[in-house]
Amino acid sequence: MTEFCEVTQDAQIPALAALAREIWTEYYMPLLGAQQIEYMLARFQSEEPMRRQLAEEGYRYFFLRQGGQTVGYLGVQAKDDALFLSKLYVRRECRGQGTGRDVMAFLEGWARGARLRRVWLTVNRGNEGSIRSYEKLGFTRIGTQDADIGGGYVMDDYLFEKAM
């Protein structure tokens, strides 16, 4: 069973950013390459951007813990009638152990309790493993998105959603 430990103190952000660096570097290296990973970490998943997301953009971050160990993290943003699943990353050795199902149960309960109509996310079009996982969790592909994130990089994503 996964525990959800919300990041509520500024002192937790360095550990969150370090976890992001660990997982992103391992997972995305074959898909995006070192330069794009470094750019994206600096722009979106280092300490200052995470502080801004929490303070100004309505994001909430959670450490995912199982058996007292941190296995990953989750970042979400409630906006309008939807809950945006912005980040869901799990350490390599902890994947395939039901964390995704636990996260979905948590998000569905949150969305229903807040009377949100859907949970949505973006996933890189080349990220076949995550695409299969989200489809298995009941998400439906609803479109594509090409987002210029600066630095000469474009995120080529699928949009997925799950109605509540």
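For the structure, check the block above.
Structural notes, computed from the coordinates. (Residues numbered from 1 in each chain as written. Predicted model: local features only at pLDDT ≥ 70, side-chain atom pairs only at ≥ 80, totals over all residues. Heavy atoms only, no water.)

Brief notes about the overall build of the protein chain
A count of helices and strands for the protein chain gives 5 helices and 7 strands. Start at the N end of the protein chain and walk to the C end: the helices and strands fall as β-α-α-α-β-β-β-α-β-α-β-β. The C-alpha radius of gyration computed for the protein chain amounts to 15 Å, which stays within 12% of the reference 15 Å derived for 164 residues, consistent with globular compactness. For the C-alpha atoms alone, the extent of the protein chain along its principal axes is close to 40 × 35 × 35 Å. (Helix = DSSP H or I, 4+ residues; strand = E, 2+ residues; numbered from the N terminus. Rg over C-alpha atoms; globule rule 2.2 N^0.38 Å.)

Side note on the nonpolar core
If you look at the biggest cluster of nonpolar residues, it comprises 25 residues, and the most contacted ones within it are Leu 74, Val 76, Leu 85, Leu 107 and Phe 139. Looking at this core, the elements with two or more residues in it are β2 (59-66), β3 (69-79), β4 (82-90), α4 (99-113), β5 (118-124), α5 (128-136) and β7 (153-163). Broken down by element, this core gets its largest block of residues, 5 residues, from α4. Beyond its immediate stretch of four places on either side in the chain, Leu 107 contacts Leu 74, Val 76, Leu 83, Leu 85 and Val 119. Ala 17, Leu 32, Tyr 73 and Tyr 89 belong to the second largest nonpolar core, which has 23 residues in total. (Core = buried A, V, L, I, M, F, W, Y, C linked by side-chain atoms within 4.5 Å. Buried < 20%, exposed > 50% of the residue type's maximum accessible area, 1.4 Å probe, protein only. Contact = heavy atoms within 4.5 Å.)

Description of the pattern of salt bridges
Tallied over the full model, the rule gives 16 salt bridges. Taking the shortest distance from any N to any O, the salt bridge between Arg 95 and Glu 26 comes out at 2.6 Å. Here Glu 26 lies in helix α1 (residues 13-32) and Arg 95 lies in the loop between β4 and α4, a separation of 69 residues in the sequence. A relative accessible area of 30% means that Arg 95 is categorised as partly exposed. (Salt bridge = Lys/Arg side-chain N within 4 Å of Asp/Glu carboxyl O.)

Focus on helix α3 (residues 47-56)
Where α3 is concerned, the buried positions are Pro 49, Met 50 and Gln 53. Buried residues of α3, viewed axially, fall in a sector of 100 degrees; they line one side. Pointing more than 90 degrees away from the buried face of α3 are the exposed residues Glu 48, Ala 55 and Glu 56. For α3, the elements touching its buried residues are α1, α2 (34-44), β2 and β3. Looking at the residues trailing α3, positive phi occurs at Gly 58, about 75 degrees. (Arc of directions from axis to C-beta.)

As for the packing of α1 against α2
Running from N to C, α1 and α2 cross one another at 145 degrees; their axes reach a closest spacing of 8 Å. Note on packing geometry: the crossing formed by α1 with α2 is right-handed. For the pair α1 and α2, the contacting residues are Ala 20, Arg 21, Trp 24, Thr 25, Tyr 28, Met 29 and Leu 32 in the first and Ala 34, Gln 36, Ile 37, Glu 38, Met 40 and Leu 41 in the second. Split by residue class, the contact of α1 with α2 holds 9 nonpolar, 2 polar and 2 charged. (Axes fitted to C-alpha atoms, helices over the stretch in contact; angles between N-to-C directions. Left-handed = near helix turned anticlockwise from the far one by under 90°. Nonpolar A, V, L, I, M, F, W, Y, C, P; charged D, E, K, R; others polar.)

Observations regarding the environment of Thr 122
Mapped onto the fold, Thr 122 is located in strand β5. The sequence separation of Thr 122 and Ser 86 amounts to 36 residues, and the corresponding C-alpha distance is 7.4 Å. Sequence-distant contacts of Thr 122, defined by excluding residues within four places in its chain, comprise Phe 84, Gln 145, Asp 157, Tyr 158 and Leu 159.

Thoughts on the sheet that holds β3
Either a parallel or an antiparallel arrangement is found when strands of a sheet pair, and the pairing is made through backbone hydrogen bonds. Taken together, 7 strands build an open sheet; the order of strands is β1-β2-β3-β4-β5-β7-β6 and the sheet is mixed. Sheet topology places β1 (3-6) and β6 (140-150) at the edges, where each strand pairs with a single neighbour. Ignoring which end each strand starts from, the neighbouring axes of this sheet average 30 degrees apart. Note that β5 and β7 share 7 bridges and pair antiparallel. Bridge pairing in β7 places Leu 121 opposite Phe 160. Contacts from α5 reach β4, β5, β6 and β7 within the one sheet, and its direction differs from that of β5 by about 165 degrees. (Pairing = 2+ DSSP bridges.)

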